[in-house]
Amino acid sequence: MQERIRNFSIIAHIDHGKSTLADRILEKCGSVSEREMKDQLLDSMDIERERGITIKLNAVELKYKDYILHLIDTPGHVDFSYEVSRSLASCEGAILVVDASQGIEAQTLANFYLALENNLEIIPVINKIDLPNADIEKVSKELCEIGFNKEEIICCSGKTGEGIESLLDAVVERISPPKKGSDNLRALIFDSYFDSYRGVIALIRVVDGSIKVGDKVKMLSTGSVYEVLELGKNTPKDKKVSSLVSGEVGYLSASIKSISDINVGDTVCLLGKEEEALPGYKPMKPMVYCGIYPIESNKYEALKEALLKLKLNDSSLIFEPETSVALGFGFRCGFLGLLHMEIIEERIEREFNIEIIATSPSVIYEVLLSDESSVLIDSPSKMPEATKIKKVLEPFVKTSIFVPSEYIGAVMEICQDKRGIYLSMEYLDSGRVNIHYELPLSEIVYDFFDKLKSNTSGYASMDYEIIGYKESNLVKLDILINGSVVDALSVIVHKDFAYKRGKKVVENLKKIIPRQMFVVPIQAAIGTKIISREDIPAMRKNVLAKCYGGDISRKRKLLEKQKEGKKRMKQVGNVSIPQEAFLSVLSVDE
Amino acid sequence: MRSVYIHIPFCRSICSYCDFCKMIYNDLWANDYLDALLKEIEKYYEGDLIKTIYIGGGTPSSLSLPLLNKLFEIIKIFKLSPLNEITFELNVDDINEDILKILKENNVNRISVGIQSFNNKKLKFLNRKHNSKDIFKKIKLLKSYGFDNINVDFMYALPVEDMYIFKKDLKKFIKLGVEHISTYSLIIEDNTALKINNVKPIDETLDYLMYKYIIKKLRKKGYNHYEVSNFAKVGHQSSHNLVYWNNEEYYGFGLGSHGYINDVRYENVKNLVKYLDGEYRKEEYIVSLKEDMENEVIFGLRKLEGINIRKFFEKYDKNIQDVFNIEKALKNKYLILENEYLKIPEGKIYVMNEILNMIIK
């Protein structure tokens, strides 16, 4: 049985056609009829389909010839490399997909190295060979440069289905079956999600032994014990089974009510036959923090519930309660990166129907105080008084930016603007380079990706690794509206940029905040020093000039609309501030 | 006592800003329309005493003389109070001896003339067809027929206008020496030529400065500012329009008109074919107590004199300060309470929506 199982992942740079390729594989294995086929079948979240990206990993069982294949889909974006490493840990092999028109990109390499670390058999695939600008020759050369043989490479098209069969044959031939170990059960929890009927569902890979319905199992790290109520496989529809054996991937339901009883990376054993825990995952540390607040304060509990549920199958999300003078009660949340943050925000609004305000993202700063103690700061509002600070350290990253050589200048200009320190540059081939810069992470979390993409006509791709903390001349920039500091608008910036930034934020706010019944001054300040000021003039006109018999319902509608608009704003003192204002501190560049 | 509004939906040309129910004049349709109008009145009029009638449009003066006589025959159905006010809307171009004779014979005692502007650039922008040179002559003719309660409409805050054009224009309106002036800051309504052509309103500060100037100038010339946009010499406030602002009941007859009878607010159909077929009402609903009290405030505070809080108590058996959040507004001087009248100070009336949103719960 185990001889006929193959566990594999597909890894790729974002947009290289991974999910489409998975669709073709599913079709080829006959696990979905043409009628059921929709694009990006494994991407079950609306956001995934709309954005055309994969966020969550997904596992599915397929039948090919006499073999059972477990395909574990992975996200391509750098923010989700945690998910990637989790999928890879439950595999013996990986398909490395490279776009025939793009070649190797930053995350192709990042994922390739992850797969190597996990000792996986890697099958190099050149995808999208149907494209008119496909350059198979060039891409094969690139693959050979990172250590593949030309003969290993498989060319295919996720669009037309060409080459899919040889790819599946390669999976069967080259990837080894799961190793046979002890007879005692050891299963790895690699993901979990919440189902309103069945409670917490754990996705597991059985490494050793077998598990069946009715077994009493123990989670090694939490120590909690459950009776297995249901086991199943995703084919890609859920299919109940009575047992799962070593090498197999499936789900486990045991009416687990508490989210905290399940740790992704934990090992499941039979009660009384506990074995040594499997190597878990190194959880990724959140790098970007922001405050999330419900627009309507009575939604606080609902927001808390939503975050707990999201955390259940996204353990990289962290949060703790936070209170803002301007925004009331909310949460300080930590994310892997900006895209991760955006996705979580969108899921809260969409899946849980809670309207939220997110404050501008921040990294974790280390502040050394004059009394030689030090504190970690994940929010500008926690910054100690300037007089008590000896120095401030911030995280730096080393980038790998892949770009056609004609954009070297453009990339260097952006990096230079973002306080970057040039390290080195390598030519990948005559037309493409990999540029290494040392950059403060805080600069990257603002709008670095957007700038990089727009200034290189979308050609640049990037990956980065944290290289440590360094001292920077940082200050806290406060924004005052009508004389009082709005804590949610404060940011930590480099002193050299503070003036320009303060001016821009103040100008933006002037445009966004509607006129009020009185003049509203908006100021930017460092400590007690005001560095910029704009005044919003008092409202002059808000009246229906003409109002007779026929205008009565219209007048009521107008008032209701205005009242509704007011409700969506946050009251800070006497001033109504629209939500966009809290995002405006983000978009300070022209 | 109730009032009556009668809508004549026909016009000789369509103005760029107008979102009233209107269509180009056609004699046959107009004739059929009056027949249907009579049927509607016969169906709904309860035979009660009427204090004001307002014939508006569209353009009532677009009717041919025989049809005009027919209209006045229909109106005879109403039982009028001795102290009545009958208003008829006229376009400048339509003012002539024949029409004035008919109006006089039928006891019309208030005239409203849609002048809008003396400035040709403004008139062109509004797609008003009359010539600014004729206006003085026409108003003189009106007066010579003994009409001594005349309103003129004045539009301002047009994108084609600056402070200079505006002041010159207003000066001419004052020179007409009429009893009543309605001033309207341009509203760009949906489904109008202006909206379709993506015309943008002028800067709100300039708009406000123009409004402030109107108030100052007209006061100096003896006009009393009695409603957001309306100014009248002593004893010449529009009794009919005060019915709306006092939240009193009125019949609305004709295509697309609105009415408020027996606690029901209704809107008539806007489709001429349906109307001619005897289908009059499009929508009607009973006004709840809460909405009624809100209307009292929303419309009552348009009057500079404000709302009589004793009368409010007598009407609803509730104190106005228990129904609305007025305390804070009073403290901030957005409202003032003076001799039993709750009102918005004149300097704040142009932002009254903001104040209404503050006080309505």
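In the block above lies the structure referred to throughout.
Because the structure is predicted, anything quoted here is derived from the model rather than measured.

Student: It is not clear to me how a positive patch on the surface should be interpreted in this structure. Could you clarify?
Tutor: Taken together, the side chains of R540 of chain A together with K167, K168, K171, K172, K175, K212, K216, K220 and K221 of chain B present a region of like positive charge at the surface. When contributions to the positive patch are tallied by element, the ones reaching two or more residues are α6 (163-175) and α8 (204-220) of chain B. With 5 residues, α6 of chain B is the single largest residue contributor to the positive patch. Its location among the elements puts K221 of chain B in the loop between α8 and β9 (224-227).

Student: Got a minute to help me understand the sheet that holds strand β18 (residues 318-324) of chain A in this structure?
Tutor: Hydrogen bonds between backbone groups are what pair the strands of a sheet, and the pairing can be parallel or antiparallel. All names here are of chain A. Here 4 strands make up an open sheet; going across it, the order is β18-β19-β17-β20 and the pairing antiparallel. With one partner strand each, in any of the chains shown, β18 and β20 (356-358) form the two edges of the open sheet. Averaged over all neighbouring strand pairs, the angle between strand axes comes to 30 degrees, with direction disregarded. Both β18 and strand β19 (residues 328-335) contribute to a ladder of 7 bridges, which runs antiparallel. Opposite F319, over in β19, you have C333 as the bridge partner. Together, β17 (288-294), β18, β19 and β20 form the strand contacts of helix α7 (residues 300-312), whose direction differs from that of β19 by roughly 15 degrees. Sheet contacts for helix α8 (residues 338-351): β17, β19 and β20; angle to β17, the most-contacted strand, approximately 15 degrees.

Student: I keep staring at the sheet that holds strand β8 (residues 199-208) of chain A and nothing clicks. Help me out?
Tutor: All names here are of chain A. Read from one edge of the open sheet, 8 strands run β11-β10-β16-β7-β8-β15-β12-β13, paired in antiparallel fashion. Of all strands in the sheet, those bounded by a partner on one side alone are β11 (225-227) and β13 (238-241). Ignoring which end each strand starts from, the neighbouring axes of this sheet average 40 degrees apart. Here strand β10 (residues 216-219) pairs with β11 via 3 bridges, running antiparallel. Bridge assignment links K216 to a residue of β11, and that residue is E227.

Student: Mind showing me how you'd approach unusual backbone geometry here?
Tutor: Trans is the prevailing form of peptide bonds, just as negative phi is the prevailing case for residues other than glycine. The linkage connecting G57 of chain B with the following residue, G58 of chain B, adopts the cis geometry, with an omega of 25 degrees. With respect to the element layout, G58 of chain B can be found in the loop between β4 (49-57) and α2 (65-75). For S255 of chain A, which is not a glycine, the phi torsion comes out positive at approximately 40 degrees. On the secondary structure map, S255 of chain A appears in strand β15 (residues 249-256). In this structure S255 of chain A comes out as partly exposed when scored by relative accessible area, which is 36%. In the Ramachandran plot, E372 of chain A falls in the positive-phi region, its phi being about 75 degrees despite a non-glycine side chain.

Student: How should helix α4 (residues 106-117) of chain A be read in this particular structure?
Tutor: Think of an α-helix as turning once every 3.6 residues; residues three or four places apart then point the same way. Residue and element names in this part refer to chain A. The end-to-end C-alpha distance of α4 is 17 Å, a good match for the 16 Å that 12 residues give at a rise of 1.5 Å each. Residues A106, Q107, T108, L109, N111, F112, L114 and A115 constitute the buried set of α4. Following α4 by one or two positions, N119 has its phi on the positive side, about 60 degrees.

Student: Would you take a moment to explain the interface of chain A and chain B for this structure?
Tutor: Size of an interface: often given as the accessible area lost when the parts come together. Every contact between the two is made by 26 residues of chain A and, on the other side, 43 residues of chain B. Across the chain A/chain B interface, buried area totals approximately 3200 Å², and carbon plus sulfur atoms make up 53% of it. For chain A, the biggest contributors to the area lost against chain B are M517, Y548 and R556 of chain A; these three give 22% of the whole. Linking chain A to chain B there are 7 salt bridges. Taking the shortest distance from any N to any O, the salt bridge between E204 of chain B and R515 of chain A comes out at 3.6 Å. In this assembly, chain A and chain B are joined by 26 residue pairs in polar contact (both at pLDDT 80 or more). Grouping the amino acids of the side of chain A that touches chain B by side-chain chemistry returns 11 nonpolar, 6 polar and 9 charged.

What counts and how
Residues numbered from 1 in each chain as written. Chains lettered and ligands numbered in written order. Predicted model: local features only at pLDDT ≥ 70, side-chain atom pairs only at ≥ 80, totals over all residues. Heavy atoms only, no water. Patch = residues over 30% accessible without salt bridge, like charges linked within 9 Å, V, L, I, M, F, W, Y side chains within 5 Å. Areas by Shrake-Rupley, 256 points an atom, 1.4 Å probe, with all protein chains shown as cover. Salt bridge = Lys/Arg side-chain N within 4 Å of Asp/Glu carboxyl O. Lys, Arg positive; Asp, Glu negative; His and termini not counted. Charge placed at Lys NZ, Arg CZ, Asp CG, Glu CD. Helix = DSSP H or I, 4+ residues; strand = E, 2+ residues; numbered from the N terminus. Pairing = 2+ DSSP bridges. Axes fitted to C-alpha atoms, helices over the stretch in contact; angles between N-to-C directions. Contact = heavy atoms within 4.5 Å. Buried < 20%, exposed > 50% of the residue type's maximum accessible area, 1.4 Å probe, protein only. Expected span 1.5 Å × (residues − 1). Buried area = accessible area lost by both parts, 1.4 Å probe. Polar contact = N/O pair within 3.5 Å; in protein donor to acceptor, adjacent residues only side chain to side chain. Nonpolar A, V, L, I, M, F, W, Y, C, P; charged D, E, K, R; others polar.

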